[in-house]
Amino acid sequence: MRFDIVTLFPDFFASPLSSGLLGKALAKEIATVHLVNPRDFALDKHHRVDDEPYGGGVGMVLKPEPIYAAVESLPQFPRREVIFLTPQGEKMHQGLFRDLALNVEQIVLICGHYEGIDERIISLVTREVSLGDFVLTGGEIPAMALLNGVVRLLPGTVGKEESLKAESFEAGLLDYPHYTRPAEFRGMRVPDVLLSGNHGEIEQWRKQQQLQRTRERRPDLWQDWIQQHPEAQV
């Protein structure tokens, strides 16, 4: 999969793209990331990418010409999404990451800045995506979150792909609690069922923990899950 990130701050991505599983995935070319700076496509000698908003108001607005030129300079794969990171978009969720990982060959991420973007840039966009109901200084952090969430689902990124199936949100539920050695730490013991060797009981305990955690911690997810599983005995 190819990622193209349109950003005024390409240096922001240097460390995250070279670290951990993501860095290993890129080194194995499971995915490729290309950074393009709109300043390189600015029309004036000062490489200006923003201007005052028509109608007045505070802040500066990203100009359309450099963004258009940056996106149009990119190769275009048959299955491509052009995503603008904005608080006005749909919230990121695991289903979105799965959909992109399975069905898209190229993801172009446009990182906004300043007061906003010229609205005409939206005509380039196929999807608007938000990290949450809050405002950041730019789209780089949401872009990094989306890239990370998608790449880790691509075959070969995670060593044991079976582990992805039991994660939070994959089945509409939160993950169950995990324990490792020692069996007792500062008076806190690992649940006996996990030490029993009875895999049937362990699986049942883990499922009950997922249900309980989701019900207590995320009532919104719980209601969605109950509606999708009316036959469930909980």
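Values in this document were obtained by computation on a predicted structure and should not be read as measured data. (Residues numbered from 1 in each chain as written. Predicted model: local features only at pLDDT ≥ 70, side-chain atom pairs only at ≥ 80, totals over all residues. Heavy atoms only, no water.)

Participant: I'm lost on the packing of helix α3 (residues 94-103) against helix α4 (residues 140-151) in this one. Help?
Facilitator: For any two helices packed against each other, the geometry comes down to the angle between their axes and how far apart the axes lie. Taken N-terminus to C-terminus, the directions of α3 and α4 make an angle of 65 degrees; their axes are 8 Å apart at the nearest point. Relative to α4, α3 is oriented so that their crossing is right-handed. Of the residues in α4, those touching α3 at Phe 97, Leu 100 and Ala 101 are Ala 145, Leu 146, Gly 149 and Val 150. (Axes fitted to C-alpha atoms, helices over the stretch in contact; angles between N-to-C directions. Helix = DSSP H or I, 4+ residues; strand = E, 2+ residues; numbered from the N terminus. Left-handed = near helix turned anticlockwise from the far one by under 90°. Contact = heavy atoms within 4.5 Å.)

Participant: Would you explain the packing of helix α6 (residues 199-217) against helix α7 (residues 219-228) in this entry?
Facilitator: For the pair α6 and α7, the least separation of the axes is 5 Å and the interaxial angle reads 125 degrees. Overall, the two elements α6 and α7 adopt an arrangement that is oblique. Relative to α7, α6 is oriented so that their crossing is left-handed. Seen from α6, the contacting residues are Lys 207, Leu 211, Thr 214, Arg 215, Glu 216 and Arg 217; seen from α7, they are Pro 219, Leu 221, Trp 222 and Trp 225. Of the residues contributing to the contact of α6 with α7, the split by class is five nonpolar, one polar and four charged. (Parallel < 35°, antiparallel > 145°, perpendicular 65-115°, else oblique. Nonpolar A, V, L, I, M, F, W, Y, C, P; charged D, E, K, R; others polar.)

Participant: Looking at this model, I keep getting lost on the sheet that holds strand β7 (residues 116-117). Mind explaining?
Facilitator: The strands that make up a sheet pair up through hydrogen bonds in the backbone, lying either parallel or antiparallel. If you trace the three strands from one edge of the open sheet to the other, you get β3-β4-β7, paired in mixed fashion. Edge strands, defined here as strands with exactly one partner in the open sheet, are β3 (50-51) and β7. (Pairing = 2+ DSSP bridges.)

Participant: Explanation requested: a nonpolar patch on the surface in the structure shown.
Facilitator: On the surface, Phe 9, Phe 12, Leu 131, Phe 134, Leu 136 and Ile 141 cluster together into a nonpolar patch covering about 510 Å² of accessible area. In this structure, Leu 131 sits in the loop between β8 (127-130) and α4. The exposure class of Leu 131 is partly exposed, given its relative accessible area of 33%. (Patch = residues over 30% accessible without salt bridge, like charges linked within 9 Å, V, L, I, M, F, W, Y side chains within 5 Å. Areas by Shrake-Rupley, 256 points an atom, 1.4 Å probe, with all protein chains shown as cover. Salt bridge = Lys/Arg side-chain N within 4 Å of Asp/Glu carboxyl O. Buried < 20%, exposed > 50% of the residue type's maximum accessible area, 1.4 Å probe, protein only.)

Participant: Can you walk me through the environment of Lys 207 in this structure?
Facilitator: For Lys 207, the position within the fold is in helix α6. Along the chain, Lys 207 and Asp 175 lie 32 residues apart, while their C-alpha atoms are 8.9 Å from each other. Those residues in contact with Lys 207, other than ones at most four positions away along the chain, are Leu 173 and Trp 225.

Participant: Would you mind showing me how to read the side chain of Asp 4 here?
Facilitator: Topologically, Asp 4 is positioned in strand β1 (residues 2-6). With a relative accessible area of 0%, Asp 4 lands in the buried category. Discounting chain neighbours no more than four positions away, the residues touching Asp 4 are His 34, Leu 74, Gln 106, Ile 107, Val 108 and Leu 109.

Participant: Help me understand the packing of aromatic side chains in this model?
Facilitator: For any pair of aromatic rings, geometry is given as the distance between the ring centres together with the angle between the planes. Considering all chains together, one arrives at two aromatic pairs under this definition. An angle of 80 degrees between the planes, with centres 5.1 Å apart, marks the rings of Phe 12 and Phe 13 as edge-to-face. Judged by relative accessible area, which is 0%, Phe 13 ranks as buried. Ring plane angle 20 degrees and centroid distance 5.7 Å describe the contact between Trp 222 and Trp 225, whose orientation is recorded as stacked. (Phe/Tyr/Trp six-rings, centres within 6.5 Å; stacked < 30°, edge-to-face > 60°.)

Participant: Any chance you could explain the pairing of strand β6 (residues 106-111) here in plain terms?
Facilitator: Within a regular strand, side chains alternate between the sheet's two faces. For β6, a buried count of six out of six residues is recorded, marking the element as mostly surrounded by other parts of the structure. Of the two faces of β6, the one lined by Gln 106, Val 108 and Ile 110 and the one lined by Ile 107, Leu 109 and Cys 111 are each fully buried. As paired elements, β1 and β6 share five bridges and run parallel to each other. What sits directly across from Arg 2, in β6, is Gln 106. In this sheet, β6 lies alongside strand β5 (residues 80-91) in parallel orientation, the contact comprising six bridges. What sits directly across from Glu 81, in β6, is Ile 107. In this view, the connection linking β5 to its parallel neighbour β6 by way of α3 has right-handed handedness. (Right-handed = clockwise from strand over helix to strand, strands pointing away.)

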